[in-house]
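One-letter residues, chain by chain:
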Amino acid sequence: MNAITKTDKATDAGVSRRFFLVGSAAGTLVLGYAATSKLSEALAAGPGAFAPSAWVAINKDGKVEVTVGKADMGQHIASTMAQIVAEELESSWKDMTIAFASNDPKYNDPVLGAQITGGSWSTGMNFDAMSRAGAAGRITLIKAAAEMMGVPEAECQARESRVRHTKSNKAVTYAQIVASGKAAKVWTADELKAIKLKAPAQYRLIGQSVPQLDIPSKTNGTARYGIDTFLPGMLYGKLALPPVRYGAKVTGLDDAEAKKVPGFVQAVVLDDKTGTTSGWVVAVAKTYEGARKAADALKITYDKGPHAAVTDAAIVAEAKRLQAEGTAGFLFVKNGDSAGAIGTAAKVMEAEYLTSLNIHAPMEPMNATAREENGTWHIYTGNQFATRTTGIAAAVLGVEQAKIVMHQHYLGGGFGRRLESDMVIPALLAAKAVGKPVKVIYSREDDMRMDFTRPLTYQKVKVGLDGNGKPVALEHDVIGAWPTARWGIPEFLTPAVDKKGPHDSFTVNGADAWYTIPNHTVRNYKNEVAQNATPSGQLRSVAPAWTFWALESVMDEIAAATGQDPVEMRLALLDGSGANAGGDKPQTSGGAKRLANALRTAVGRSGYGAIKLGPNEGMGVAAVSSQERSSPTWTACVAHVAVDPGSGAVTVKRLTIAMDVGTAINPDGVKAQIEGSALWGASIALHEKATMKNGAIEQTNFDGYTPMRMADAPEIDISIISNGEAPVGCGEPAVTVVAPAIANAIFKAVGARVRSLPITAEAVKAAMKA
């Protein structure tokens, strides 16, 4: 089925959830939370649908529709949510369908209280709620079926979308039960919470690689992406952008040449009250080609603003200044007395680590279509943060948020880029200006130049060792832009340990690692030069991709400097003592010992230390918790590389990855996610770099920004550890572990220690000479 979006448009269904709630005698039942918003053209919208919660509805033909409040960008999260529901509902997989939620608050994430897709949170944070929705449906259907068959409820069993009386073998289908109208229960939140869910040993569908529900529509061309939106009377908008990334103002506009372009309508200077964009103009025309030509014909003058001289070097220089000064940092971790322990340590080591700006560059460029109808604004796009985008849209237009309706679509790649809302702003303001629907499509150049990049980061690590080479103190300073602080959402910031105020912990997560080191300090610094000039966003795996780059590199440096095996040293530190025992939340159960197990698994599978390597080849390891400390995905990697000693060129021959996901909902889907994220990690490690000069991103297409090509892809060996623990995310973790494993393997191969990403042949060759 092609997933569709549930909206609040009255003409979509004409009946409200309140009508369904009070009209159960007419063959319709709602269990869960009563609401007054409208249903869409979804299957469940027809008379007679049975909805165990806002997330699940069963139609009279037995089809089960799962409404998904998450953005699906190829990770099959919609299908995953359906599989979780189907397990407890005991429905047949062939009956499952999916629909995307609108921005109605009733579809907010049950844990986060917002519609957001990121951080590999979706499965772990929604597993319980979706399981209970399915279980509530099963329980109610069994009760109704027992009444229909005139048998005791306790003698009935649900399987494959039907309820069977175990003694007589009589059965009724879910379709028959719903059509009868006999199911009638409104589940309260407390009742849902009290349901006893299945134990992992009872799963029949979870853990099976069932076909992903979105694949048929994506292969036959019926899947709808934001860029596929076409509305009656729709016009097209093309951006005309300033020569700097941020801070410019339009001082003059001459559209005389644009008016000569056939179909040109208007050039709209964006008055963006949210400050998301600056200095943007939209050329509106009857066709995209006309809009593009008109945009090229516009003559625009600018005040380039205060960041027009910013470069990479300036960002790094400011980071080093902040770290050396030492007063602007916010304490993220403060265990013991790291300064005192370092002062008395037998050996002290220091190292600096850098990561560059990185661009998201999803295959579907940013786009959005906007239209106004009777005072309500409709937005058609694929977005990862509908709650924030709703607020941005309302602020841009100066209307109440209730006047904004988001129509969610599939995303042709997101990776954190579509957590932003910039793409809806030109569509909305252009549509408002011309009084017609407008579709804005970024060119590839627009998309790259105005990307919310992964921050350029500088990290300083200092370690104190005892006489046996064991770390007794670790100080870790992280300096970069704070993307989450830019969002202006206080709930997403974290109070500093030293009471200094809130800080963006999404730029330092991972530095609070699970190694047992008694004295540990982590400071988080905001680089205002980067914050204002870039500005940065969230890219797949967020902070752990740079914090573990530093941490797992320095762990290997300790091992090399003290003559220890890097695997055995890590295992000794992953002893699970104290707070590292985990268990404070379901996803942390087992703590550091689960990471140790993942490391042993990867090492064993790789042949590390057991197979003979060729000349200038090496194997390097890394072991990470991947995400925030409260939602770890225990991941280990062994990278096997070969280095050309003449040029310094690195070839990654094989990546062996072991990942403990707790419960693998769909193993084939998990494997695909690990493969994709491992390749992304390798690409960032070796190939991808964006640069800033004169306040602008220099790379504008794939000739200058060069992700890994297929010819460079290594062999990947994956071990999925599924042990019945709480499920965790798997879309980002491998990104965080690959780069340090590769760097550590390079050191093993040729003795070159590289500390900056991406790892270039020139840097390796220089390190070989050092």
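Residues numbered from 1 in each chain as written. Predicted model: local features only at pLDDT ≥ 70, side-chain atom pairs only at ≥ 80, totals over all residues. Heavy atoms only, no water.

Novice: An account of the overall build of the chain is requested, with residue identities and associated values reported.
Specialist: In terms of regular secondary structure, the chain is built from 21 helices and 31 strands. Here the C-alpha radius of gyration of the chain, 27 Å, is about what a compact globule of 770 residues would show, namely 27 Å. When its C-alpha atoms are laid out on the principal axes, the chain stretches across 80 × 75 × 50 Å. A burial count over the chain gives 61% of its 770 residues as buried. The long-range share in the chain, meaning contacts at least 24 apart out of those at least 6 apart in sequence, stands at 77%. A total of about 27,500 Å² of accessible surface is found on the chain, and carbon and sulfur atoms cover 52% of it. Computed over 80 positive and 75 negative side-chain charges, the separation of the two mean positions in the chain equals 3 Å. (Helix = DSSP H or I, 4+ residues; strand = E, 2+ residues; numbered from the N terminus. Rg over C-alpha atoms; globule rule 2.2 N^0.38 Å. Buried < 20%, exposed > 50% of the residue type's maximum accessible area, 1.4 Å probe, protein only. Contact = heavy atoms within 4.5 Å. Areas by Shrake-Rupley, 256 points an atom, 1.4 Å probe, with all protein chains shown as cover. Lys, Arg positive; Asp, Glu negative; His and termini not counted. Charge placed at Lys NZ, Arg CZ, Asp CG, Glu CD.)

Novice: How would you summarise the sheet that holds strand β18 (residues 404-408) if you had to cite specific residues and measurements?
Specialist: Strand-to-strand pairing in sheets goes through backbone hydrogen bonds, with the strands running parallel or antiparallel. Spatially, β11-β12-β9-β19-β16-β17-β18 is the arrangement adopted by the seven strands of the open sheet, whose pairing is mixed. Lying at the two open borders of the sheet, with one neighbouring strand each, are β11 (264-269) and β18. Direction aside, the axes of adjacent strands within the sheet are offset by 25 degrees on average. Inspection of the sheet shows strand β17 (residues 376-381) paired to β18 by five bridges, in the parallel sense. Paired with Tyr380 across the strands is His407, a residue of β18. The strands that helix α11 (residues 386-397) touches are β17 and β18; relative to β18, the one it contacts most, it runs at about 140 degrees. (Pairing = 2+ DSSP bridges. Axes fitted to C-alpha atoms, helices over the stretch in contact; angles between N-to-C directions.)

Novice: Summarise helix α3 (residues 77-89); cite the residues concerned and give the values.
Specialist: Compared with an ideal rise of 1.5 Å per residue, which puts 13 residues at 18 Å, α3 spans 18 Å between its outermost C-alpha atoms and is within 8% of the ideal. Counting buried positions along α3 yields 13 of 13 residues, so the element is predominantly enclosed. Of the residues trailing α3, Glu90 is marked for its positive phi of about 65 degrees. (Expected span 1.5 Å × (residues − 1).)

Novice: Can you lay out the nonpolar core for me, pointing to particular residues and giving the numbers?
Specialist: Ranked by size, the top nonpolar core spans 80 residues in total, and within it Tyr515, Val641, Val738, Ile742, Ile746 and Ile759 carry the most contacts. Of the residues forming this core, the biggest block, eleven residues, is contributed by helix α20 (residues 733-750). Residues in contact with Tyr515, not counting those within four places in the same chain, are Leu551, Glu552, Met555, Arg570, Leu573, Leu574, Asn580 and Ala623. (Core = buried A, V, L, I, M, F, W, Y, C linked by side-chain atoms within 4.5 Å.)

Novice: Just give me the short version of the packing of helix α19 (residues 667-686) against α20, but keep the residues and values in it.
Specialist: Between α19 and α20, the least distance of the axes is 7 Å, while the angle of their chain directions is 45 degrees. What the angle tells us is that α19 and α20 run oblique. Between α19 and α20 lies a crossing of right-handed hand. Of the residues in α20, those touching α19 at Ile674, Ser677, Ala678, Trp680, Gly681, Ala682, Ala685 and Leu686 are Ala734, Val735, Val738, Ala739 and Ile742. (Parallel < 35°, antiparallel > 145°, perpendicular 65-115°, else oblique. Left-handed = near helix turned anticlockwise from the far one by under 90°.)

Novice: For the domain arrangement of the chain, give the residues involved together with the corresponding values.
Specialist: Looking at the assigned domains, one finds that the chain contains domain 1 (2-215), domain 2 (226-306 + 366-441) and domain 3 (314-357 + 454-769). Just the C-alpha atoms count here: the centres of domain 2 and domain 3 sit 37 Å apart. Taken together, the contact pairs eleven residues of domain 2 with 17 residues of domain 3. When domain 2 packs against domain 3, close to 1,000 Å² is buried across both sides, 60% of that on carbon and sulfur atoms. At the surface where domain 2 touches domain 3, the tally comes to one salt bridge. The residue Arg486 makes a salt bridge to Glu420 at a minimum N-O spacing of 2.6 Å. Remark: the boundary between domain 2 and domain 3 carries five residue pairs in polar contact (both at pLDDT 80 or more). In the side of domain 2 that touches domain 3, the residues fall into six nonpolar, one polar and four charged. (Domains from an automatic or database assignment. Buried area = accessible area lost by both parts, 1.4 Å probe. Salt bridge = Lys/Arg side-chain N within 4 Å of Asp/Glu carboxyl O. Polar contact = N/O pair within 3.5 Å; in protein donor to acceptor, adjacent residues only side chain to side chain. Nonpolar A, V, L, I, M, F, W, Y, C, P; charged D, E, K, R; others polar.)

Novice: Which residues make up the sheet that holds strand β8 (residues 171-173), and what values do they have?
Specialist: In space, the three strands of this open sheet follow the order β6-β7-β8, with antiparallel pairing throughout. Looking at which strands have only one partner, the edges of the open sheet turn out to be β6 (156-159) and β8. Shown here is a sheet whose adjacent strand axes are inclined to one another by a mean of 20 degrees, direction ignored. For strand β7 (residues 162-165) and β8, the ladder comprises three bridges, and the chain directions are antiparallel. Residue pairing across strands places Val163 opposite Val172, the latter belonging to β8.

Novice: Provide a residue-level description of the pattern of salt bridges, including the pertinent values.
Specialist: Summed over all chains, the structure comprises 40 salt bridges. Several salt bridges share partner residues, and in doing so they unite Glu87, Glu90, Arg159, Lys198 and Arg204 into one network.

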